[in-house]
Structure formats: structure tokens, C-alpha cells
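Each chain is listed here by its residues.
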Amino acid sequence: FGVIADIQFADAEDGYGFAGCRRRYYRHSLRLLREAVRAWAGESPPVEFVLQLGDSIDGQNARRGESESALQQVLEVLGQLSVPVHHAWCNHELYNFSRARLVHTGLYSRPAGGSDGPPDRECHAYHCSPAPRLRLVVLDTYDASTLGADPGSARYQESLRVLREKNPNEDLNNPEGLKEPHFVAFNGGFSQAQLDWFDEVLKFSDENQEKVIVAAHVPIHPSASNGVCLAWNHAAALAVVHAHACVVCVLAGHLHDGAYCRDTHGVHHLTLEGVIETPPGSNAFGTVHVYEDKLVLKGRGRIPDRVMHF
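What comes next is a walk through the structure. (Residues numbered from 1 in each chain as written. Predicted model: local features only at pLDDT ≥ 70, side-chain atom pairs only at ≥ 80, totals over all residues. Heavy atoms only, no water.)

1. Observations regarding the environment of Asn167
We apply this condition: Strands here mean DSSP runs of E at least two residues long; helices mean DSSP runs of H or I at least four residues long; both are numbered from the N terminus. Contacts between residues were defined by any pair of non-hydrogen atoms, one from each residue, lying within 4.5 Å. Any N or O atom pair separated by 3.5 Å or less is treated as a polar contact, with the protein-specific requirement of one donor-capable and one acceptor-capable atom, and with residues adjacent in sequence counted only for side-chain atom pairs.
Checked against the element boundaries, Asn167 lands in the loop between helix H6 (154–166) and helix H7 (192–207). Each C-alpha atom of the pair Asn167 and Val184 lies 7.1 Å from the other, and the pair is 17 residues apart in sequence. Those residues in contact with Asn167, other than ones at most four positions away along the chain, are Leu172, Asn174, Leu178, Phe183 and Val184. Reaching out from Asn167, the side chain makes a polar contact with the backbone oxygen of Leu172 at a distance of 3.3 Å.

2. Quick word on helix H8 (residues 234–242)
Definition in use: Type-normalised accessible area, obtained with a 1.4 Å probe on protein chains alone, sets the label of each residue: buried when under 20%, exposed when over 50%, and partly exposed for intermediate values. The arc in question is the one traced by the directions running from the helix axis out to the C-beta atoms.
Turning to H8, its buried residues are His234, Ala237, Leu238, Val240 and Val241. The buried residues of H8 occupy an angular sector of 155° when the element is viewed end-on, so they sit on one face. Elements that come into contact with the buried residues of H8 comprise H7, strand E9 (247–252) and strand E11 (268–271).

3. A short note on the sheet that holds E9
Filter applied, for reference: A pair of strands is considered paired only if DSSP assigns at least 2 bridges between the two. In this analysis, axes come from line fits to C-alpha atoms, helices being fitted only over the stretch in contact, and the angle between any two N-to-C directions falls in the range 0 to 180 degrees.
Spatial strand order, E6-E7-E8-E9-E11-E10: six strands in an open sheet with mixed pairing. Each end of this open sheet is capped by a strand with a single partner; those strands are strand E6 (126–131) and strand E10 (259–262). Geometrically, the sheet is characterised by an average inter-axis angle of 15° between neighbouring strands, direction not taken into account. Note that E9 and E11 share four bridges and pair parallel.

4. Let's talk about the pattern of salt bridges
Just so we agree on the cut-off: When a carboxyl oxygen of Asp or Glu is within 4 Å of a side-chain nitrogen of Lys or Arg, the pair counts as a salt bridge.
For the structure on display, the rule yields 19 salt bridges. A salt bridge links Arg24 to Glu277; its shortest N-O distance comes to 3.3 Å. With Arg24 in strand E3 (residues 23–24) and Glu277 in the loop between E11 and strand E12 (284–290), this pair connects stretches of sequence that are 253 residues apart. On the basis of relative accessible area, Arg24 is assigned to the buried category, the value being 9%. Where Glu158 meets Arg161, a salt bridge forms, and the shortest distance between an N and an O atom there is 2.6 Å. With Glu158 and Arg161 both in helix H6, this residue pair falls three residues apart, about one helical turn. You can call Glu158 partly exposed: its relative accessible area is 40%.

5. Some words on the packing of helix H1 (residues 28–41) against helix H3 (residues 67–78)
As a reminder, the rule being used: In this scheme, roughly parallel covers angles under 35 degrees and roughly antiparallel covers those over 145, while 65 to 115 is roughly perpendicular and the rest are oblique. In this scheme the handedness of a crossing depends on how the near helix is turned from the far one: anticlockwise by less than a right angle means left-handed, clockwise means right-handed. In this classification, Asp, Glu, Lys and Arg are treated as charged, Ala, Val, Leu, Ile, Met, Phe, Trp, Tyr, Cys and Pro as nonpolar, and every other residue, Gly included, as polar.
Viewed as axis vectors pointing N to C, H1 and H3 meet at an angle of 15°, and their least axial separation amounts to 9 Å. One element, H1, and the other, H3, form an angle in the roughly parallel class. The two elements H1 and H3 meet at a crossing, and its hand is right-handed. Seen from H1, the contacting residues are Leu30, Leu33, Arg34 and Val37; seen from H3, they are Gln73, Val74, Val77 and Leu78. Taken together, the residues of the contact of H1 with H3 break down into six nonpolar, one polar and one charged.

6. A word on unusual backbone geometry
In this model, Ser44 is joined to Pro45 through a cis peptide bond whose omega is 0°. Its identity is not glycine, yet Asp55 carries a phi of approximately 60°, on the positive side. Along the polypeptide, Asp55 turns up in the loop between strand E4 (50–52) and helix H2 (60–64). Here the phi dihedral of Arg133 falls at roughly 60°; this positive angle occurs in a residue that is not glycine. On the secondary structure map, Arg133 appears in the loop between E6 and strand E7 (134–138).

7. Points about the nonpolar core
This is how it is decided: We define the nonpolar core as a collection of buried residues of types Ala, Val, Leu, Ile, Met, Phe, Trp, Tyr and Cys that are connected through side-chain atoms lying within 4.5 Å of one another.
Grouped together as the largest cluster of nonpolar side chains are 82 residues, with contacts concentrated most on Leu33, Trp40, Phe198, Val247 and Leu251. At seven residues, the largest contribution of residues to this core is made by H1. In terms of nonpolar packing, the next biggest core, distinct from the first, is built from nine residues, Ala144, Ala149, Leu160 and Ala185 among them.

8. Describing the pairing of strand E14 (residues 306–309)
Two faces make up the sheet, and in a regular strand the side chains alternate between them. Here strand E13 (residues 294–301) pairs with E14 via four bridges, running antiparallel. The partner of Lys294 across the bridge, within E14, is His309. The turn joining E13 and E14, which pair antiparallel and follow one another in sequence, is formed by four residues.

9. Here we look at the sheet that holds strand E5 (residues 85–87)
Within the open sheet, the six strands sit side by side as E5-E4-E1-E12-E13-E14. Their pairing is mixed. Of all strands in the sheet, those bounded by a partner on one side alone are E5 and E14. Here the strands of the sheet are splayed against their neighbours by 20° on average, with no regard to which way each runs. Pairing geometry for E12 and E13, over seven bridges, is antiparallel. The partner of His289 across the bridge, within E13, is Val296.

The following block contains the structure:
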């Protein structure tokens, strides 16, 4: 399967990230996505699906009134593939659209049935089995978040309470001086309902001797992060993972530099380098080959090859 993260397309001149020192290639990111799609289309054996780990368009599209058009351009490129594309929801999608709106866009890849995800249809978590004894679980790392939520909703109010309790800074995106610097508004977390559902999915996979690959936009292990780009209640999600023997790998984005660790339970945590900070002449995507005893990532450009045994 193909994997890519943090495209953050906008029809805009190059700019810089929050700190003002990291160049971002907004318009060029769409060209890199086209290159990735062409490469996946030419893979032999063919890829079975593509995992888009989130931040497909940049937040500035909302200010420019170009959210819909930017998303349409990204989806048109991905639509050239003849295989399913699984999307994670992330902060930049939620800068552009409300949760209620995202349900009705091409980024809503949760199947229509209902039994494959939590009861809350606006929680974009779900699972599927792309091959025998293999399960993909897509988590929603902004299920608890102020982003994209109605300010009058319980989701928003509880998320704001947690943020203000952990982050006294005037700017809730500022981690400066925080004991737990991941409690910033551009991160998010998991509701208890999603964690309970996740636990049940992994229990099923244990009982059926499946291997599970987990996808999430925000990393859930501190060593696959820079300490800031980390899910609010990552420890709770990790506790669910570690309570089961089936999870072999957690794939994430959000941290544009990428990161990797293998935790004490033998689970691989791979955070992919972001397309948005990839200069012309390089790229940032990969193809994962799944074997009985390992995952083999064949990376392109900034993403190195990696063999992950289990």
C-alpha cells in the first residue's frame, strides 16, 4: 500500500511554518502528489490501497476562501488511482472545514455501514481488512479537539476545558513553558468512546490471529515525536495498543521531520516526513510491502527505506 503525509496544498507562493524558519512549498506539493500517484500506479505488484495520513490541504485556504477548490484539486489527483484511499482527519482539514462538513467531503473514507466505527458518525475512526489476517485501523486524533467543533457542543467545551487546564498561555498553540508541551490546540486527542471502540477492535483481532496496522495523524508515542507533536492522551491510546498482541505498527504524520521508534512491546511507530517541507527535486512518500513477519517500507526522496520485523 502507498503512504503519504502532510501534503498541505494551497495555490499560494512558498511560505514558512509557525516558527518562521521552515520553508513550505505550498503549490509545489500538488506536483509531488502527482509524482507519488504516478509511481503507485506503476507499482508491480500493484498497491492495494493508499493511506493519506492527513493535512491534505493547508489552513491558509480558509483565509483565502479556497478550501473547497484546494480540496477538489487534491482529490482529483488521488482519484486517478484505481484503489481505495484511506484518509486521516487532521488539524489543517479542521482549519478549513467543520466536522459536520467533512462528513460530506471526499475525505470521509469511513464506510457507510456503521459497524466499522464508533457510534458517533462524526468520529472519523474505522477499521477494515484489506487482506486475510490483516486489519487496518484508522484513528481520529482530533475526536477530542476544539478544531472543527461547534463552540456550543459538549465536544468543544470539554476540549477547551482540558486545554486551558494544561495550557495557561494566551495563545493555545504556544507550547512555551508547558510541563506537557503537547497540550496545544493544533494537537488533539481521543474520546473515551473511541478508546473503548479501539479496544474492542483489537480484542477481535487478537481472537482471530490478525496483524493490525494503526494509522493516525498525530503520533501516539513520545519517541516517534518531538515532544510537541503528540496526541493529548497518547498514554491512554498506547495502553490500549499494549493490552493486545496484534498491533505491529502505528503510522503517523504531523511532525514534518519524521521520526521512528520501536517501543518496549515491540510495536513500530513510524512518523512520516511531510510533503509540504519537501523541496523541488525530492519527494516524501513510500510503498509498504506486507509480509508474514515484517513490513518493508520502500521510501522515496526524504523518506528512507525501513524493514520492521514482528
